[in-house]
Each structure stands twice: as C-alpha cells, then as structure tokens.
Amino acid sequence: MKIAICPGSFDPITLGHLDVIERASQLFDKVVVLVMSNSSKHCAFTVDERIELIKKCISNEKVDVDTYSGLLVDYAREKGAVAIVKGLRAVSDFDYEFQQALINKSLYPKIETVFLNANAENMFLSSSMVKEVCSLDGDISPYVPKAIVSDINLRCKGDK
C-alpha cells in the first residue's frame, strides 16, 4: 500500500488544501492529513479543533487525519509512507518547500516529496488570508468548505 502524508497546520483548512488532498488521494492508496504544530505560527484553533474541522470536510475513505509533534520524517518512517505531498501556490512557496524536501530526504532517504501545483482559483489562498478576511467581517465562504464556515466565523469574529 502506497501511503502519502499531506502535512500542514491547517489553521483552518481551505478549499486549496482540500483540492491538494483530493488530488493526492487519486495518486496514492492512502493519504494521511497530518496536523502539525509550527512554532512560528500563531494558531486560531487548537490541534484537536483543527482535526475536527478537517474531519467535517473530508468523506474520502482513502483519507485519514492524524497529528504529530515530532519530525515529519519520523512519522513517515513509522507509518511506512512513501511520499510527502505539498501544495505549491507560488515560486516563493517552492523555495521553502524545496529546502524542506532536501532536509527530509537527507534525514530519511526512502521518502519522496511530491509537489502539486495549486489550481488557478486557489493560487492566492492561505489560512492566514482566510483568518484576516474573517476578522475584518469579510465573506470567507468562497475560500473554505461550507461545513466549517460558521466555526471559523465564530472563532475569528468572536464577540464583535
């Protein structure tokens, strides 16, 4: 069984994330959406909340959701994964993701990184942008799954 991992903070998950996850599920037997902590990001949702939001949006039986706080390659080795799938929006994404792919390969030579380009309608989309639009009372429904719009609005708009 060919297992791939789609790692990220997913704070919150967007339609761009879902597109990459769905396309990855067409390439691999199993895809693990791996919610990870990033110390350089301030998250609006806890890890457990992010997992629940993702589960509300994904009904594909080939996709699992998990969390891990260590090195991504350690998780990949433990699960027998053959690939890490990363979505790319712009050239600036590639520089950072390419560096990560190289370090992951040096730490675990059996893992490959697969880059999937974002679809044109998602090239600008990021979780940070969704939170910013939401906090300024903008409509986030074109950017996130319908199933979680109200959850995000409640968190980002708070008691305004």
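Above this text you will find the structure in question.
Residues numbered from 1 in each chain as written. Predicted model: local features only at pLDDT ≥ 70, side-chain atom pairs only at ≥ 80, totals over all residues. Heavy atoms only, no water.

1. Describing the overall build of the protein chain
Helix and strand counts for the protein chain stand at six helices and five strands. Reading the protein chain from its N end, one meets helices and strands in the order β-α-β-α-β-α-β-α-β-α-α. Taken over the C-alpha trace, the protein chain has a radius of gyration of 15 Å; the compact-globule value for 160 residues is 15 Å, and the two agree within 12%. With the C-alpha coordinates aligned to their principal axes, the bounding extent of the protein chain is approximately 50 × 30 × 30 Å. A buried classification covers 42% of the 160 residues belonging to the protein chain. (Helix = DSSP H or I, 4+ residues; strand = E, 2+ residues; numbered from the N terminus. Rg over C-alpha atoms; globule rule 2.2 N^0.38 Å. Buried < 20%, exposed > 50% of the residue type's maximum accessible area, 1.4 Å probe, protein only.)

2. Comments concerning the sheet that holds strand β2 (residues 30-36)
Strand order in this open sheet of five strands is β3-β2-β1-β4-β5, and the pairing throughout is parallel. Looking at the sheet topology across the chains shown, the edges are occupied by β3 (63-68) and β5 (112-117). Averaged over all neighbouring strand pairs, the angle between strand axes comes to 30 degrees, with direction disregarded. Where strand β1 (residues 3-8) meets strand β4 (residues 83-88), two bridges bridge the pair, whose relative direction is parallel. When the bridges of β4 are listed, Ile5 appears paired with Ile84. (Pairing = 2+ DSSP bridges. Axes fitted to C-alpha atoms, helices over the stretch in contact; angles between N-to-C directions.)

3. Considering the packing of aromatic side chains
Going through the model one piece at a time under the given rule, you end up with four aromatic pairs. Look at Tyr68 and Tyr75: their rings are 5.2 Å apart centre to centre, the planes differ by 55 degrees, and that puts the pair in the tilted class. You can call Tyr68 partly exposed: its relative accessible area is 22%. These aromatic residues form a ring-pair network of at least three members: Phe94, Phe98 and Phe115. (Phe/Tyr/Trp six-rings, centres within 6.5 Å; stacked < 30°, edge-to-face > 60°.)

4. Considerations on unusual backbone geometry
Look at the link from Asp11 to Pro12: it is a cis peptide, with omega at 0 degrees. As for its placement among the helices and strands, Pro12 is situated in the loop between β1 and α1 (15-27). Positive phi is not limited to glycine here, since Phe10 has a value of about 50 degrees. Secondary-structure assignment places Phe10 in the loop between β1 and α1. Residue classification places Phe10 among the buried residues on the basis of a relative accessible area of 5%. One non-glycine residue, Asp137, lies in positive phi territory at about 65 degrees. Looking at where Asp137 falls in the secondary structure, it is placed in the loop between α5 (127-135) and α6 (149-157).

5. As for the pattern of salt bridges
Summed over the entire model, instances satisfying the criterion amount to nine salt bridges. Of the charged contacts, one joins Glu49 and Arg155 as a salt bridge, the two residues approaching to 2.8 Å between their closest N and O atoms. In this pair, Glu49 sits in helix α2 (residues 47-57) while Arg155 sits in helix α6, placing the two residues 106 residues apart along the sequence. By relative accessible area, Arg155 is classed as partly exposed at 36%. (Salt bridge = Lys/Arg side-chain N within 4 Å of Asp/Glu carboxyl O.)

6. Concerning the side chain of Lys30
Among the secondary structure elements, Lys30 is positioned in strand β2. In this structure Lys30 touches Met1, Lys2, Ile3, Ala4, Glu61, Lys62 and Asp64, once residues within four positions along its chain are discounted. (Contact = heavy atoms within 4.5 Å.)

7. As for the packing of α5 against α6
Between two packed helices, both the angle of their axes relative to each other and the distance between the axes serve to describe the pair. Running from amino to carboxyl end, α5 crosses α6 at an angle of 70 degrees, the nearest separation of the two axes being 9 Å. Regarding the angle of α5 to α6, the classification is roughly perpendicular. Two packed elements cross with a definite hand, and for α5 against α6 that hand is right-handed. When α5 is examined against α6, the residues Val130, Lys131, Cys134 and Ser135 are found in contact with a partner set consisting of Ile152, Asn153, Cys156 and Lys157. In the contact of α5 with α6, the residues fall into four nonpolar, two polar and two charged. (Parallel < 35°, antiparallel > 145°, perpendicular 65-115°, else oblique. Left-handed = near helix turned anticlockwise from the far one by under 90°. Nonpolar A, V, L, I, M, F, W, Y, C, P; charged D, E, K, R; others polar.)

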